[in-house]
Amino acid sequence: MSEVYAELRPRAFAIAYRMLGSVSEAEDIVQEAFLRMHQTEEITSPRAFVATLVTRLSIDQLRSARVRRERYVGEWLPEPVLSEPSPADQAETADSLSLAFLVLLESLSPRQRAAFLLREVFDYPYPEVAEIVGTDVDTTRHLVAKARHHVKERRPRYPASRQQRQELAERFTAAASRGDLAALEALLADDVALHADGGGRVPALGRAVDGRHRVARTIAVGFRKIAERGLRVKIAEVNGQPGFVTVDADDRLIMVMGMDVADGRIRALHSIVNPDKLP
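Just so you know, these numbers come straight off a predicted model, no measurement behind them.

What counts, and where the lines are drawn
Residues numbered from 1 in each chain as written. Predicted model: local features only at pLDDT ≥ 70, side-chain atom pairs only at ≥ 80, totals over all residues. Heavy atoms only, no water. Helix = DSSP H or I, 4+ residues; strand = E, 2+ residues; numbered from the N terminus. Buried < 20%, exposed > 50% of the residue type's maximum accessible area, 1.4 Å probe, protein only. Areas by Shrake-Rupley, 256 points an atom, 1.4 Å probe, with all protein chains shown as cover. Lys, Arg positive; Asp, Glu negative; His and termini not counted. Charge placed at Lys NZ, Arg CZ, Asp CG, Glu CD. UniProt positions renumbered as here; feature names shortened; annotations may be inferred. Salt bridge = Lys/Arg side-chain N within 4 Å of Asp/Glu carboxyl O. Axes fitted to C-alpha atoms, helices over the stretch in contact; angles between N-to-C directions. Parallel < 35°, antiparallel > 145°, perpendicular 65-115°, else oblique. Left-handed = near helix turned anticlockwise from the far one by under 90°. Contact = heavy atoms within 4.5 Å. Nonpolar A, V, L, I, M, F, W, Y, C, P; charged D, E, K, R; others polar. Pairing = 2+ DSSP bridges.

### Considerations on the overall build of the protein chain
Across its full length, the protein chain carries 11 helices and six strands. Judged by the C-alpha coordinates and their principal axes, the protein chain covers about 65 × 40 × 40 Å. The buried share of the protein chain, reckoned over its 279 residues, is 48%. In the structure as shown, the protein chain presents an accessible area of about 13900 Å², 49% of it carried by carbon and sulfur atoms. For the protein chain, the centre of its 39 positive side-chain charges and the centre of its 40 negative side-chain charges are spaced 6 Å apart.

This is how it looks when you write it as structure tokens:
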């Protein structure tokens with residue numbers, strides 16, 4: 001059983017996390033799926049069994065989570081992951097782990113989200129996707145096509161390479177630390193948006209800040225306050241992408257910020273300061 005768990009758990013967690021945008025909820029779903037598998041006799045394919053359970057449990061969880069998120073204080077953002085994906089994970093999932101992508105998935109229905117992820121990210125064949133989400137193949141193709149169109153419309157046309165993102169993260173933190181508004185604005189897209197999630201636990205933006213000039217000024221003020229509090233900013237791996245974190249003197253996380261980069265500029269910044277969501 002331990003060998004099966006070790007083999008299937010990474011994929012199970014990958015599906016659940018992308019469905020829910022929450023590390024803790026994804027862990028609970030994975031544990032529940034393996035518990036049910038342990039209690040079930042004569043499983044033909046453990047891989048298919050676990051994928052089906054994790055997906056269906058995630059769909060149910062997401063439906064109830066959306067009701068809770070409507071009552072959430074401020075803007076809800078996914079729970080960040082700071083560990084660097086393995087080479088295999090990087091090759092398999094590309095940018096599907098980024099905060100920007102997970103936020104985009106929030107606009108899909110739970111079933112659309114499941115069908116899209118299984119087909120487009122994890123490359124399951126349509127018949128298997130249909131069986132997992134509990135529908136026929138034609139309906140599944142329609143779900144995936146509609147989700148694909150929605151995602152394509154909102155994703156950057158020319159995504160940046162990993163090296164470009166890393167360089168932008170370094171230049172961004174340097175300019176922000178200096179309070180250099182001109183240098184900051186040069187790194188931002190015209191329609192850049194800054195999002196922040198405090199969850200009502202700590203002060204955060206009440207709503208997204210839009211536009212190059214407003215975002216640059218907000219970032220510069222934020223970095224000045226970080227310095228005044230004696231906090232440090234460090235480049236970090238945020239959901240498989242270059243970003244940065246803020247830590248205190250004891251190296252405790254205070255903030256995690258992910259960056260969405262395309263066409264050589266930063267299109268969006270997602271800041272998580274809710275202590276309940278920090279790793």
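Next comes the rest of the write-up.
### Details of the UniProt feature "domain: RNA polymerase sigma-70 region" (unreviewed entry) in the protein chain
Within this structure's numbering, the places UniProt gives as "domain: RNA polymerase sigma-70 region" (unreviewed entry) are residues 5-66. The distance from the first to the last C-alpha atom of residues 5-66 is 30 Å, and the span holds 85% helix and 0% strand.

### Some details on the pattern of salt bridges
This model, assessed by the stated rule, comprises 18 salt bridges. With its nearest N and O atoms 3.9 Å apart, the salt bridge here joins Arg119 to Asp123. Taking the shortest distance from any N to any O, the salt bridge between Arg252 and Asp250 comes out at 3.4 Å. This pair shows no difference in class: Arg252 is exposed, exactly as Asp250 is.

### Quick notes on unusual backbone geometry
Excluding glycine, a negative phi dihedral is what most residues carry, and trans is how most peptide bonds are arranged. One non-glycine residue with positive phi stands out, namely Asp251, at about 70°. Residue Asp251 is classed as partly exposed on the basis of its relative accessible area of 44%. Non-glycine residue Asp263 carries a positive phi angle of around 55°. Assignment of secondary structure puts Asp263 in the loop between strand E5 (253-262) and strand E6 (265-272).

### Some details on the packing of helix H1 (residues 2-20) against helix H6 (residues 110-121)
Angle between the axes and distance between the axes: these two values describe a pair of packed helices. Relative to each other, H1 and H6 sit at 140°, their axes nearing to 10 Å. Between H1 and H6, the angle falls in the class oblique. As H1 runs across H6, the sense of the crossing is right-handed. Contacts from Ile15, Arg18, Met19 and Leu20 in H1 reach Pro110, Arg113, Ala114, Leu117, Leu118 and Val121 in H6. A breakdown of the residues in the contact of H1 with H6 according to their chemical character gives eight nonpolar, no polar and two charged.

### Looking at the sheet that holds E5
Working definition: the strands of a sheet are paired by backbone hydrogen bonds and lie parallel or antiparallel to each other. An order of E2-E1-E6-E5-E4-E3 is seen for the six strands of this open sheet, with the pairing classed as mixed. Among the strands making up the open sheet, the edge pair consists of strand E2 (209-210) and strand E3 (232-238). Its contacts with the sheet place helix H9 (residues 162-178) against strand E1 (188-197), E3, strand E4 (241-247), E5 and E6, and it is angled at close to 30° to E4.

### Quick notes on the UniProt feature "domain: RNA polymerase sigma factor 70 region 4 type" (unreviewed entry) in the protein chain
The sites that carry the UniProt feature "domain: RNA polymerase sigma factor 70 region 4 type" (unreviewed entry) are, in the present numbering, residues 100-149. A helix fraction of 78% and a strand fraction of 0% characterise residues 100-149, whose end C-alpha atoms lie 17 Å from each other.

### Regarding the packing of H6 against helix H7 (residues 126-133)
One can describe the packing of H6 onto H7 by two numbers: an axis separation of 10 Å at closest approach and a directional angle of 150°. Accordingly, the angle class assigned to the pair H6 and H7 is roughly antiparallel. Classified by chirality, the crossing of H7 by H6 is right-handed. Across the interface between the two elements, Arg111, Ala114, Ala115, Leu118 and Arg119 of H6 pack against Tyr126, Val129, Ile132 and Val133 of H7. A class-by-class count of the residues in the contact of H6 with H7 yields seven nonpolar, no polar and two charged.

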